[in-house]
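Spelled out, the chains give:
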Amino acid sequence: MITQVLGYPRIGAKRELKKACEAYWAGNITEDELFEVGQTIKKSNWEIQQQQAINWIPSNDFSFYDQVLDLSLTVGAIPKRYQVLIDNRVSKTDLYFAMARGYQKNGHDIIAMEMTKWLDTNYHYIVPEFTKNQEFHLFSSKIIDEFLEAKEQGIITKPVLIGPVTYLWLGKEKEEGFNRIDLLKKLLPVYLNILTVLQEAGAKNIQFDEPILGLDITKKEKAALQETYACFAAHFPQLNIILTTYFEGLEDNLELAKQLPVNVLHVDLVRAPKQLDAILNDFPSDKKLSLGVVDGRNIWKNDFSKSLNFISTAKAKVGAENIIIAPSCSLLHVPFDLDQEDDEQTLPQELKNWLAFAKQKVQEVATLAKLAAENPSEEIIQAFEKNKIAIESRKTSTKIHQPAVKNRVLAITNADAERENPFAIRQQKQEKALHLPLFPTTTIGSFPQTPEVRRLRFQFKKENISKEVYENQLKVDISDAIKWQEEIGLDVLVHGEFERNDMVEYFGEQLNGFAFTKYGWVQSYGSRGVKPPIIFGDVSRPKPMTVAWTALAQSFTKKEVKGMLTGPITILQWSFVRDDQPRKTTAEQIALAIRDEVEDLEKAGINIIQIDEPAIREGLPLRKNDWQTYLDWAVNAFKLSAAVAKDETQIHTHMCYSEFNEIIESIAAMDADVITIETSRSQMELLEVFSDFKYPNEIGPGVYDIHSPRVPSEKEMEILIDKAVALLSPRQLWVNPDCGLKTRKWEETKAALLAMVNAAKKARKKYTTVEA
Ligand code: GLN
Ligand code: ZN
């Protein structure tokens, strides 16, 4: 049986790529040195796959920044503003990084291209920009160079390209009056050009990624897919064209996918296992089927028995010679190598035995192929036995399964997710309890994470300083922060989150059911990585997580201090989650843990509690049909975490970088007393939907863009408040920044917040008279 890998992580086992890129940007290494690091990573990636005798090993899956940007450079889709760099003979590498990161050098100030999420992952790609008269031409030869590089190493790789239709779909029209899919006619010749050169260089297999086959697509897009693959088949009858789909089932695009004149169709059986029967039904005899059975999006060890079931079902229908075994998608989304996790403290052996990272997944693919063959060797049969034991131990481990947690989830009632009274009544009670002015001012939680604060946490973690020293310093920091907030006249204060490294990690570290890795990095964008926690077991809260610091902050002031929690959906979204129970169940377990924290904060005298849910929108499924189901359980999980609060306790939530247009009903259904959102960069445009919807609860539209070091003037913020007043009633409105201030410096923060408070005071005067 043939095996293939769709893509391999490229950041390097020890994040060598990050270090090299950042050194190059800082001018500390040369271009050649940067390329050398790239070559070493590629070489090692290919070797890992070669060792497992993978048949179709990918190339061009490496990237110094992003594979979509690579393609834009390859097909010469370079926005006009960078032309000056080409004219000035800036190197292709610098042009490439300029497109990714902007260019401020030699008197130029050119902004970067936009970045957005790659389908439903946490990976961000650089959005191609298209104009009406867009032209394409072969500009960068990266894909060819990489093929030759591997060939020199003795490996005939399978070059990987994002399919032309998905590529156009991923981009954005930068002017009116055309549909980017219509650019296909101009784009195809460049693809043909690439294929010609690759074929001449000796390539036999080419992979085209068309994940849009898993989405709701238009007739036009379907026709474009047909045109594209008919064109490739006509021009390159000798090439083995592999078409991949992933992250979703084919559903209504299945017939189209079957018809396309490609040689191999790859499907994701991890995300959409149920589609296999429909796929096998009348599967065209001129095609091979690639079974994506090893999860490329998560870190769990493959269940060989389950995968073998898929394989034998497929084998019975289409024959072993027509089957390819593969991971569900590129392995870009999982960490590099589990073998590196050598610290029993961080990741105990028992847990490790349930996991597989990229390197292990390649091995799983190879083993599955051998297991599915006629006479597997003794060694392979033993591997299967070991796999069965590991899978079984995960099913029954007492580390994972906590009957008390499961029972608590089963006992959840509808009433548990509802506050005592509707918002209108709560609002009155809160007004009486809290005595807040019109346009109350607050911040979103974090204050600047100075090098001193980071060092303090680091020293404590390394056990270089005692708990006492650590906590005393935090006390000072919190007390200073409270004093300063009082001085400038903020109304609702925060403790500053100095003890938190990350808003998910901080909670994960204190909850049962979470594990962490030392080297489990996954690329987020460019040189940036994330190290998501692993939710492996039933989640519960052994003891309060934030109460001590919040209560301490409250003890320093008569003003209200807002407790600060991360919501269940955000914790879920930013972690590797269990695959042995629905996401909904895990969300409920986390929600109950947060609920306990809300209750304890309240008991400790905290009257305002914020539950951050910045990731709620990004959890939306790829297909619209699935949206409502997700939104229902996500909203419910949030409400479950909040609804334990008394009417008098004010529940806030916060969301950033979100468009709310399509989900406003669900946002309202969350029923937070106050929601703070990011609106300053859009000049309150994002607030319009709240006004159109007649959003009933209170809302704090951000008036201070915290993503830039720039300090906004009082006047600017006044204007933004005026804009908000034009959309919503003054009684509903809060005044706050767009998001937390942890990335800012104190100097900027102080100046900006003082101006913000003054702007709110002006608004108070202006609109009190109007109200009266
Ligand atoms: N409370 C968090 C903070 O202020 C919120 C961060 C976020 O929305 N991403 O840092
Ligand atoms: Zn935010």
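Residues numbered from 1 in each chain as written. Chains lettered and ligands numbered in written order. Predicted model: local features only at pLDDT ≥ 70, side-chain atom pairs only at ≥ 80, totals over all residues. Heavy atoms only, no water.

Colleague: Could you give an account of the sheet that holds strand E12 (residues 264–268), with specific residues and numbers?
Modeller: With parallel pairing, eight strands are arranged side by side in an open sheet as E1-E14-E13-E12-E11-E10-E8-E2. Across the chains shown, the open sheet's two edge strands, defined by having one partner strand only, are strand E1 (2–3) and strand E2 (58–59). Relative to strand E14 (residues 323–327), strand E13 (residues 288–294) is paired through five bridges, and the arrangement is parallel. Following the sheet pairing, Ser290 is matched in E14 by Ile324. (Pairing = 2+ DSSP bridges. Helix = DSSP H or I, 4+ residues; strand = E, 2+ residues; numbered from the N terminus.)

Colleague: Residues and numbers for the site of ligand 1, please.
Modeller: Around ligand 1, the neighbouring residues are Ile444, Gly445, Ser446, Glu497, Met503, Met564, Asp612, Pro614, His654, Cys656, Cys739 and Gly740. Separating a nitrogen atom of ligand 1 from a backbone N or O atom of Ile444 is a distance of 3.1 Å. Note that an oxygen atom of ligand 1 is positioned 2.7 Å from one of the side-chain N or O atoms of Ser446. For ligand 1, whose free accessible area comes to 300 Å², the fraction covered by protein is 94%. Split into classes, the residues belonging to the shell around ligand 1 amount to six nonpolar, four polar and two charged. (Near = heavy atom within 4 Å. Polar contact = N/O pair within 3.5 Å; in protein donor to acceptor, adjacent residues only side chain to side chain. Areas by Shrake-Rupley, 256 points an atom, 1.4 Å probe, with all protein chains shown as cover. Nonpolar A, V, L, I, M, F, W, Y, C, P; charged D, E, K, R; others polar.)

Colleague: Lay out the environment of Thr649 with the relevant residues and their values.
Modeller: Tracing the backbone shows Thr649 in the loop between helix H24 (627–642) and strand E22 (650–655). A relative accessible area of 1% places Thr649 in the buried class. If we ignore the near neighbours within four places in the chain, the residues touching Thr649 are Arg419, Gln430, Glu602, Ile606, Asn607, Ile609 and Asp673. Of the polar contacts made by the side chain of Thr649, one reaches the side chain of Glu602; its length is 2.6 Å. (Buried < 20%, exposed > 50% of the residue type's maximum accessible area, 1.4 Å probe, protein only. Contact = heavy atoms within 4.5 Å.)

Colleague: Would you mind going over the sheet that holds strand E21 (residues 608–612) in detail, with residue names and values included?
Modeller: Within the open sheet, the six strands sit side by side as E15-E20-E21-E22-E23-E24. Their pairing is parallel. A strand with exactly one partner marks an edge of an open sheet, and here the two such strands are strand E15 (492–493) and strand E24 (698–701). As defined by bridge partners, strand E23 (residues 674–677) adjoins E24 across four bridges and the pair is classed as parallel. Looking at E24, one finds that Ile675 is bridged to Ile699.

Colleague: Quick rundown of the pattern of salt bridges? Include the residues and the values.
Modeller: Following the criterion strictly, the structure yields 51 salt bridges and no others. Across the pair Asp182 and Lys220 runs a salt bridge, and its minimum N-O distance is 3.0 Å. Within this pair, whereas Asp182 is found in the loop between strand E9 (172–173) and helix H8 (184–201), its partner Lys220 is found in helix H9 (residues 219–235), the two being separated by 38 residues in sequence. Of the charged contacts in the structure, one is a salt bridge between Arg623 and Asp252, with a shortest N-O distance of 3.0 Å. Of this pair, Arg623 sits in the loop between E21 and H24 while Asp252 sits in the loop between strand E11 (240–244) and helix H10 (254–259); the two residues are 371 residues apart in sequence, bridging distant segments of the chain. We classify Arg623 as buried; its relative accessible area is 2%. A relative accessible area of 51% places Asp252 in the exposed class. Each of Arg394, Lys406, Asp538, Arg578, Asp579 and Asp580 takes part in salt bridges that share partners, so that together they form one network. (Salt bridge = Lys/Arg side-chain N within 4 Å of Asp/Glu carboxyl O.)

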